[in-house]
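Listed here are the chains, written in short residue letters.
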Amino acid sequence: ILQMPMMKLIEVDYHYELHGSGQPLVLIAGYGCELVFLTPILAELAKSFQVLIFDNRAIGKTCDDGVATLTADLLAHDVMQLCDELNLALPHIVGHSMGGTIAQTIAANYPDKIKKLILISTAAKWRVPMRFAFQSLLNMRQCGIDFDIIFAASIPLLFGERFLQDASQVAIFKQGILANPAPQSMSDQARQ
């Protein structure tokens, strides 16, 4: 495992980790998800790929970015700049949820710089229903709703049936979130 926690890109100190070896594979997490959300699949993928995971702007340890408005174009540019700085040539790009929107923007804007695009539970753009769901999660947090209720409401948005049926994996995942040393602030969640 090679871990290099921070890299300065323009005005942002990006928190990232590299795991495994082989063809580069970039995992882009969704709304409100720092890199800890990718750990359930990381070990298996790192057996065959050099896997890059990172915290997007406004999440985890990549939170002091000085930008008021976040766009898919800006976040896609960040991902490709991170890949360039780490010498990850022609990476496979995997995007989940909001990360899938970012991944599609990468494919549209940088088609010659990636190998394959893999999309998981996503949309081409951030439509009203998606924004409504994300606003509801933020509202629950702002109202002081118990973490267990927010977790139960959001986890079906993140994982499929097989994972959700494995109570031990769900518990491990939940503990990883609770142990996160840099949880997302409410203001950064609203910006996302």
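Residues numbered from 1 in each chain as written. Predicted model: local features only at pLDDT ≥ 70, side-chain atom pairs only at ≥ 80, totals over all residues. Heavy atoms only, no water.

Q: Tell me about unusual backbone geometry, residues and numbers included.
A: Phi is positive for alanine 58, close to 70°, though the residue is something other than glycine. By the element assignment, alanine 58 lies in the loop between strand E4 (49-54) and helix H2 (72-85). Of note in the backbone geometry, asparagine 87 takes a positive phi value of approximately 60° without being a glycine. Structurally, the position occupied by asparagine 87 is in the loop between H2 and strand E5 (92-96). (Helix = DSSP H or I, 4+ residues; strand = E, 2+ residues; numbered from the N terminus.)

Q: Summarise the pattern of salt bridges; cite the residues concerned and give the values.
A: Tallied over the full model, the rule gives 4 salt bridges. The shortest N-O distance in the salt bridge between aspartate 78 and arginine 57 comes to 2.4 Å. Taken as a pair, aspartate 78 in helix H2 and arginine 57 in the loop between E4 and H2 lie far apart in primary sequence, 21 residues in all. Residue aspartate 78 is classed as buried on the basis of its relative accessible area, which comes to 1%. On the basis of relative accessibility, which here comes to 1%, the residue arginine 57 falls in the buried class. Note that lysine 113 and aspartate 84 form a salt bridge whose closest N and O atoms lie 3.0 Å from each other. Here lysine 113, found in the loop between helix H3 (98-109) and strand E6 (117-120), pairs with aspartate 84, found in helix H2; they are 29 residues apart in sequence, far enough to count as distant. Residue lysine 113 is classed as partly exposed on the basis of its relative accessible area of 35%. Look at aspartate 84 and you get partly exposed, because its relative accessible area is 40%. (Salt bridge = Lys/Arg side-chain N within 4 Å of Asp/Glu carboxyl O. Buried < 20%, exposed > 50% of the residue type's maximum accessible area, 1.4 Å probe, protein only.)

Q: Quick one: what's the story with the packing of helix H5 (residues 147-158) against helix H7 (residues 167-178), residue by residue and with numbers?
A: Two numbers describe how H5 lies on H7: the axes approach to 12 Å, and their chain directions differ by 120°. Overall, the two elements H5 and H7 adopt an arrangement that is oblique. Crossing of H5 over H7 shows right-handed handedness. Contacts between H5 and H7 pair Phe147, Asp148, Phe151, Ile155 and Leu158 from the former with Val170, Phe173, Lys174, Ile177 and Leu178 from the latter. (Axes fitted to C-alpha atoms, helices over the stretch in contact; angles between N-to-C directions. Parallel < 35°, antiparallel > 145°, perpendicular 65-115°, else oblique. Left-handed = near helix turned anticlockwise from the far one by under 90°. Contact = heavy atoms within 4.5 Å.)

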